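Survey of secondary and tertiary structure
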Amino acid sequence: MLKIEDIIEELQGYSPQVDQKLLIRARDFCIRAHHGQDAPADFDCLQHSLEVASILARLKVDETTLVVGILQNSLAPGRVTREELEAEFGQEVLNLIDIGNKISNIPYRQSNQQHVESFRKMFVAMARDLRVILVYLAVRLSDMRNIGYRREQEQVAYSRETLEIYAPLANRLGISWLKGELEDLALKVLEPEKYRALTQRITAHKAERSEYVTDVREQLHGLLEQSGIQGEVTGRFKHFYSVYRKMERTGVSLDQIYDLTAFRVLVDSVRECYEVLGLVHATWKPIPGRFKDYIAMPKSNMYQSLHTTVIGPFAERMEVQIRTREMHRIAEEGVAAHWKYKESGAVAVTGRDDQRFNWLRQVLEWQRDVSTEWSASETSFIDLFPEEVYVFTPNGDVKELPQGSCPIDFAYAVHTDVGSQCVGARINSKLSPLKTQLKNGDIVEVLTSAHQTPSKDWLSFVKTPKARNKIRQWVKAEQREKSIEIGRELLEKELRKHQYSLKRALSLESFSRAIGEFGFQSAEDIFATIGYGKLSAGQVVSSALPKEEQKRQPGKPGPLGKVLERFARRKPQSSILIGGIDNVMVRFANCCNPLPGEPVTGFITRGRGLTVHAKNCPQVLASEPERRVDIEWDMQRKTTRPVKIQVICSDQKGMLVGISGAIANADANICSASVHARGDKQGTNLFEIDVENLEHLNRVIREVKKVKGVIRVERIRN
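Described below are features of the structure shown in this document. (Residues numbered from 1 in each chain as written. Predicted model: local features only at pLDDT ≥ 70, side-chain atom pairs only at ≥ 80, totals over all residues. Heavy atoms only, no water.)

**Regarding the overall build of the protein**
Stated formally: A helix here means a DSSP run of H or I that spans at least four residues, while a strand means a run of E at least two residues long, and both kinds are numbered starting from the N terminus. Working definition: with a 1.4 Å probe on protein chains only, accessible area under 20% of the residue-type maximum means buried, over 50% means exposed, and in between means partly exposed. What makes two residues a contact is simply this: any of their non-hydrogen atoms within 4.5 Å.
The secondary structure content of the protein amounts to 29 helices and 21 strands. Taken over 718 residues, the protein has a buried fraction of 46%. If you take every contact in the protein between residues at least 6 apart in sequence, the share linking residues at least 24 apart comes to 67%.

Rendered as structure tokens:
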């Protein structure tokens, strides 16, 4: 039975200044938190927490991490409160436990290899603090040691998650002993018959194997002593899971596996490594093709060692690994843990990810080597994947998205149709705006409608290239359709002046020839270009109709035509000059209400002709440039435009008379007026007036500002 004193003793071995009272308080708090808790028979909650702490002590963590390991399950509902835990152990411990609890609630569902890899990365991204990862690796190992307390179905799911997520993570961190034990425990649950048969057969020969190992070790020691080399020789049996995988991968039986036992020789220098290799080959016959020199040519992850397989005593194959003590420390403790070599069949991991895990392994080493507490160091805080966010579908699939992504990015990642028909989203079961930035671990449900189409506004906040490209494609196709319709209407109007219908014009050989001359493939291309304002209808008619047809004068109008002509003569011409386009309906935008004298631009609007905007109008700046037309004011024509001004003034008698008089003195006509007393001894007056141009408006504002009691005068755009 574990005691807190045992853990303190182990901790003092690498951290003599340990705060014993802190760990004892954590044990007592754990007892209080689990008092009266319903637990399976013979399951001791305190022993489970102390076992987690014991595993962490083997990893040589600091005392704060040990406290987190002891208390990691103390905040379950019905136990102690967050406030009590924070008051006793501080905000740091509470934060680490909170992060760990969030990770433990992540729904995991077995899927393809890419999803499993994304899940592993999301685990690390959510943890952010290395201590949390170590605590939950220790918790997982303790849980697997005591997995018999779970229901059979839970055991299988839990073991599969251990094998696919936690064991590879321990491997990548270089904690090979923890990885090996997790794999063996998971195999025991997932393949009980094969595990039982494997252990029985290996155990049956264990006495013989132990005698064999002792004999070979003595022979290797003798070779080293004869050559005057100081070295260490060890022999080990392979983990059950490692043997099982080799049998499954190669299709051989246990009797055909000759490297159940491997020997390792540790020496002080590289020169001695090659000396020992020569001694081994001189003593036992090497097997051709089974020698690897990873010292001269290290693996990409910095792993270095000499590997050779020889025919050893009793004519049995045996593997011998030879390396320096420093190489062994690197290979076993983290920096060069060869996880890419061992995880055969796994999805390819990018070089960037490899560098990040290498850095994470270095953090582990720094923590072991530096005597200062981790809590005083910034190395424990990690953000291995700052560019990505990992979120779930309701079914538990993981989606990897760029940081800052929103539900629309997620929807397009699921399927293009889901993205295009997205009308809303639930994030963690709560309705959320489509602009909401997703966070690691969010569960996102997309709401769709068959009547929904992509919005151009989405481009301002989506992050993924797929979402952006699909939205742009739809917007471009939609705008092309609108432009074709506008261009068709403008061309029909121009053709009627020459007594031609569009259908008749399209049948002309000269029209087909004109399409090619303009560089287009079809009539729709010309319609779209006219609709965008890049080409005038007059230019097309001039090139497409026969010259003699263009000279024909319109016939004598009938009674209705005469009425329309008289109406047209009375209709005032627009005060806007449009380059290259004639006979286009012109209207002025309400959003910016431009005045003569202001810089303006035109925007071709479906069914409304050309809309005049101020050049700095946000609405037109967000529009497609292809729909804009260069225009200018016809300053020779005298016209008036309505404009609204707001006057803030003191609330006193005679103010309305004074303001009205100032407007009249500036030669402006008041169309309407609205007066409102605000209650703070001030009044708000809204006037709609007619002015000739921008200079006229500025003159009106100057006159109104001269009125005593006027505080502020400003133009209202809409």
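Structure shown, so let's carry the discussion forward.
**Comments concerning the nonpolar core**
Applicable threshold: Side-chain atoms within 4.5 Å link the members of a nonpolar core, which is a set of buried Ala, Val, Leu, Ile, Met, Phe, Trp, Tyr and Cys residues.
Grouped together as the largest cluster of nonpolar side chains are 67 residues, with contacts concentrated most on Leu56, Leu66, Leu71 and Leu178. The greatest single-element share of this core, amounting to eleven residues, is contributed by helix α8 (residues 130–145). Not counting residues up to four positions away in its chain, the partners in contact with leucine 178 are Ile55, Leu59, Leu137, Leu141 and Ala170. One finds Ile484, Phe527, Ile576 and Val600 within the second-largest nonpolar core, a separate group that totals 32 residues.

**A word on the pattern of salt bridges**
For clarity, the threshold we go by: By definition, a salt bridge exists where a carboxyl oxygen of Asp or Glu is found within 4 Å of a side-chain nitrogen of Lys or Arg.
Going through the model one piece at a time under the given rule, you end up with 21 salt bridges. Between arginine 271 and glutamate 275 there is a salt bridge whose closest N-O contact spans 2.1 Å. Of the two residues, arginine 271 and glutamate 275 both sit in helix α14 (residues 270–283), four residues apart, roughly one turn of that helix. Arginine 271 sits in the exposed class, given a relative accessible area of 55%. With relative accessibility at 30%, the residue glutamate 275 sits in the partly exposed group. The closest approach of N and O atoms between glutamate 598 and arginine 715, which form a salt bridge, is 3.0 Å.

**Examining unusual backbone geometry**
Non-glycine residue lysine 60 carries a positive phi angle of around 60 degrees. Within the element layout of this structure, lysine 60 appears in the loop between α3 (45–58) and α4 (63–71). Notably, aspartate 667 is not glycine yet its phi reads approximately 65 degrees, a positive angle. Examined against the element boundaries, aspartate 667 turns out to sit in the loop between α28 (655–665) and β19 (669–677).

**With respect to the packing of aromatic side chains**
Stated precisely, the cut-off is as follows: Centres within 6.5 Å are what make two rings of Phe, Tyr or Trp a pair, Trp counting through its six-membered ring; a difference in plane orientation under 30 degrees is then read as stacked, over 60 as edge-to-face, and the rest as tilted. Whether a charge sits over a ring comes down to the Lys NZ or Arg CZ being within 6 Å of the ring centre and within 35 degrees of the ring normal.
Under the defined criterion, the tally for this structure stands at five aromatic pairs. Both rings, one in phenylalanine 588 and one in tryptophan 633, keep their centres 5.8 Å apart while their planes meet at 5 degrees; by these two values the pair is stacked. Of the two residues, phenylalanine 588 is situated in strand β13 (residues 586–588) and tryptophan 633 in strand β17 (residues 631–633); the sequence distance between them amounts to 45 residues. Classification of tryptophan 633 by relative accessible area gives buried; the value is 9%. Lying over the aromatic face of tryptophan 177, arginine 58 brings its terminal NZ or CZ to 3.6 Å of the ring centre.

**Considering the side chain of arginine 715**
Filter applied, for reference: N or O atoms closer than or at 3.5 Å make up a polar contact, with two conditions inside protein: a donor-capable atom paired with an acceptor-capable one, and, for residues adjacent in sequence, both atoms drawn from side chains.
Within the secondary structure, arginine 715 is located in strand β21 (residues 710–716). Relative accessible area serves as the criterion here: at 19%, arginine 715 is assigned to the buried category. At 2.6 Å, the side chain of arginine 715 forms a polar contact with the backbone oxygen of asparagine 593. One polar contact links arginine 715 to glutamate 598, side chain to side chain, over a distance of 3.0 Å.

**Describing the environment of isoleucine 8**
Position of isoleucine 8 relative to the elements: it lies in helix α1 (residues 4–12). The spacing of isoleucine 8 and lysine 21 is 13 residues in sequence and 9.9 Å in space, taken between C-alpha atoms. Ignoring any residue separated from it by four or fewer positions in sequence, one finds isoleucine 8 in contact with Val18, Gln20, Leu23 and Ile24.

**Quick word on α1**
Our working definition: Each direction from the helix axis to a C-beta atom contributes to the arc, which is the arc of those directions.
Among the residues making up α1, those that are buried are Ile4, Ile7, Ile8 and Leu11. Viewed along the axis of α1, the buried residues span an arc of 100 degrees, placing them on a single side of the element. For α1, the secondary structure elements touched by its buried residues are α2 (20–33), α3 and α4.

**Some thoughts on helix α9 (residues 152–172)**
For an α-helix, the turn length of 3.6 residues means that residues three or four places apart are oriented alike. Using the following cut-off: For a helix, the expected span equals 1.5 Å multiplied by the residue count minus one. Two axes define the bend at a residue: one fitted to the seven residues ending there, one fitted to the seven starting there, and the bend is the angle between them.
When the terminal C-alpha atoms of α9 are compared, their 29 Å separation across 21 residues agrees well with the 30 Å that a helix rising 1.5 Å per residue should span. The sharpest bend along α9 comes to roughly 40 degrees, located at threonine 162. Here α9 lies mainly inside the structure; 15 of its 21 residues are buried.

**Some points on the sheet that holds strand β11 (residues 444–448)**
Worth spelling out the cut-off: By the convention used here, strands pair only if DSSP detects at least 2 bridges between them. Lines fitted to C-alpha atoms define the axes here, with helix axes fitted over just the stretch in contact, and angles between the N-to-C directions of these axes take values from 0 to 180 degrees.
In space, the three strands of this open sheet follow the order β10-β9-β11, with antiparallel pairing throughout. Each of the sheet's edge strands pairs with one partner strand only, and the pair in question is β10 (430–432) and β11. On average, adjacent strands in this sheet sit at an angle of 35 degrees to one another, irrespective of strand direction.

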